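Architecture and fold: a report
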Amino acid sequence: MRKYILILLISILFCTTKGLSQSPGTNGELAGWVKQNALSPSDYLVDRFQDYDILFLAEDHAIQNNLEFVASLIPALYEAGVFTLGMEFGALEAQQRLDSLITAEAYDEQVAREIMFRYNVGWAYEEYMDIYRAAWAFNQSLSEGERPFRVLNISYEYHWSKLEGVQSPENMSRVFHKGTPDAFRAKLIEQELISKVEKGLFLVGSVHGFTRYKMPSLNVIKDNFVEYEDQYLGNRLYRKYPDKVFSVLLHYPFGNRLNHSPSMVTPANGRLEEIMSLNQNQPAGFNLINTPIGKLPDNSYYSMGYPGFTLDQLFDGYIFLAPVKDQVGCTIDEHWFDRHTWDEVKPNIPDPYWKPELHNLDEYMELIRDYANLQKRYAPVLGESVF
């Protein structure tokens, strides 16, 4: 009898110890880990280029903090031998004009505005165009004959004016006449960088930066009611070049998978912000893979179909610049529509099926402003339920 009791006690102790070893730790312990192991956001990204050629920097759009950070990176990237910053927000058809803009003797903000407008008639956010200005200013500091830094547009001009009626394969093939955007982007990155054994940082919307992670969505036909999407830009390149590609997420709130309020949650069920607050919200960059922070459980929308989901399943690395409450929306370009009419703009509004019916430029500008209003957009995580 004693033998069986002893075996039972050893089993309980083993299971308890095993569970503790898998726990990422208390908030205080994890804050200590961040303080000891994290780098500054700039140093972290540059350091990653020692092991990888293609880095995806995944963002939630129109956050001023993120874009100012990206603009500030250019000198450090160049010093590390990274001469290209790719952006989702630009059409390849305007690339020659963009190359000329950021190597010209004088900077022309109207040209910058026209380049961005050509890709998206509603992308009136100054900080994206400020990245052009930062590249131009850096190139001004180079000596004659030195290689200029380049901003690469990785999208193309979509034909939204050809969308007729409901979404269908036929309709969408007319809009995306050069193929699905992420297939186009992947091929372009292969041609412009990977085939030339060059390095590049790519600023993209969060889903386009997925590499290992497959985006879930509800499908009641599937046995587990979930299907998984793996055709985003990062997915495509990671499959072909797993040793060259690395994904980093810029901090932002996630959608809530659970069917109750709030509709958004901060990463790791709010714990990540709690941990960073113990370090006075000091900006930091750190790996998620093989780290205790990466093992933080997360029950956001991204966890759907992934039992026991943790942050390291979503991205490879993480950059924290500020808590959500201190993030600021982009500045609106007040001259965005100065040279355009509603009749020109209306047929070219992207994703019209996501938007309310619009009747004039003033209504459209109000929608553009509304998107940059982070207090409104992130309201579900700025209440007492989270902070």
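Above this text is the structure in question.
Throughout what follows, the structure given in this document is the object of discussion. Here the structure is a predicted model, which means the values were calculated and not measured. (Residues numbered from 1 in each chain as written. Predicted model: local features only at pLDDT ≥ 70, side-chain atom pairs only at ≥ 80, totals over all residues. Heavy atoms only, no water.)

1. Details of the pattern of salt bridges
- On inspection of all chains with the given rule, the structure shows 23 salt bridges.
- One salt bridge connects Lys 240 with Glu 190, and the closest N-O pair in it is separated by 2.8 Å. In this pair, Lys 240 is assigned in helix α11 (residues 233-240) and Glu 190 in helix α10 (residues 181-192), connecting sequence segments 50 residues apart.
- Residue Lys 240 is classed as exposed on the basis of its relative accessible area of 52%.
- Salt-bridge contacts for Asp 326 lead to Lys 325; the nearest nitrogen and oxygen are separated by 3.4 Å.
- You can call Asp 326 partly exposed: its relative accessible area is 38%. (Salt bridge = Lys/Arg side-chain N within 4 Å of Asp/Glu carboxyl O. Helix = DSSP H or I, 4+ residues; strand = E, 2+ residues; numbered from the N terminus. Buried < 20%, exposed > 50% of the residue type's maximum accessible area, 1.4 Å probe, protein only.)

2. Things to note about the sheet that holds strand β11 (residues 317-320)
- Strand order in this open sheet of seven strands is β3-β2-β4-β1-β7-β11-β10, and the pairing throughout is mixed. Strands with a single pairing partner mark the edges of an open sheet, and in this sheet they are β3 (150-155) and β10 (284-287). Each neighbouring strand pair of the sheet contributes to a mean axis angle of 25°, computed without reference to strand direction.
- Here strand β2 (residues 84-91) pairs with β3 via five bridges, running parallel. Pairing of Met 87 across the sheet is with Asn 153, part of β3.
- Against the sheet, helix α7 (residues 109-119) touches β2 and β3, its axis set at about 65° to β2.
- Relative to the sheet, α11 contacts β1 (54-59), β3, β4 (200-205) and β7 (245-250), its axis offset from that of β1 by approximately 160°. (Pairing = 2+ DSSP bridges. Axes fitted to C-alpha atoms, helices over the stretch in contact; angles between N-to-C directions. Contact = heavy atoms within 4.5 Å.)

3. Considerations on the packing of aromatic side chains
- Tallied over the full model, the rule gives 33 aromatic pairs.
- Taken together, a centroid distance of 5.9 Å and an interplanar angle of 90° make the contact between Tyr 213 and Tyr 302 edge-to-face. One end of the pair, Tyr 213, is in the loop between β4 and β5 (215-218); the other, Tyr 302, is in the loop between β10 and β11, and 89 residues separate them in sequence.
- By relative accessible area, which is 2% here, Tyr 213 ends up buried.
- In this structure Tyr 302 comes out as buried when scored by relative accessible area, which is 8%.
- A connected cluster of aromatic rings, assembled from ring pairs, spans Phe 210, Tyr 213, Tyr 228, Tyr 232, Tyr 252, Phe 254, Tyr 302, Tyr 306, Phe 309 and Phe 315.
- Across the ring face of Tyr 371, the terminal group of Arg 377 is positioned such that the distance to the ring centre comes to 4.1 Å. (Phe/Tyr/Trp six-rings, centres within 6.5 Å; stacked < 30°, edge-to-face > 60°. Lys NZ or Arg CZ within 6 Å of the ring centre and 35° of its normal.)

4. Points about the packing of α10 against α11
- Relative to each other, α10 and α11 sit at 45°, their axes nearing to 8 Å. With respect to each other, α10 and α11 are oriented oblique. Viewed along their axes, α10 and α11 form a crossing whose handedness is right-handed. Counting all contacts with α10, which are made through Asp 182, Ala 183, Arg 185, Ala 186, Ile 189 and Glu 190, the residues of α11 involved are Leu 233, Arg 236, Leu 237 and Lys 240. (Parallel < 35°, antiparallel > 145°, perpendicular 65-115°, else oblique. Left-handed = near helix turned anticlockwise from the far one by under 90°.)

5. Things to note about the environment of Ala 91
- Looking at the element boundaries, Ala 91 is found in strand β2.
- By relative accessible area, Ala 91 is classed as buried at 0%.
- Through-space distance from the C-alpha of Ala 91 to that of Gln 282 is 36 Å; in sequence the pair is 191 residues apart.
- Sequence-distant contacts of Ala 91, defined by excluding residues within four places in its chain, comprise Tyr 119, Asn 153, Ser 155, Tyr 156 and Glu 157.

6. Describing α11
- Listing the buried residues of α11 in full gives Leu 233, Gly 234, Asn 235 and Leu 237.
- Against the buried residues of α11 lie β1, β3, α10, β4, β6 (226-229) and β7.

7. Thoughts on unusual backbone geometry
- One non-glycine residue with positive phi stands out, namely Ala 62, at about 65°.
- Along the chain, the position of Ala 62 falls in the loop between β1 and α4 (64-72).
- Look at Asp 351: it is not a glycine, yet its phi comes out positive at around 50°.
- Along the chain, the position of Asp 351 falls in the loop between α13 (342-345) and α14 (361-371).

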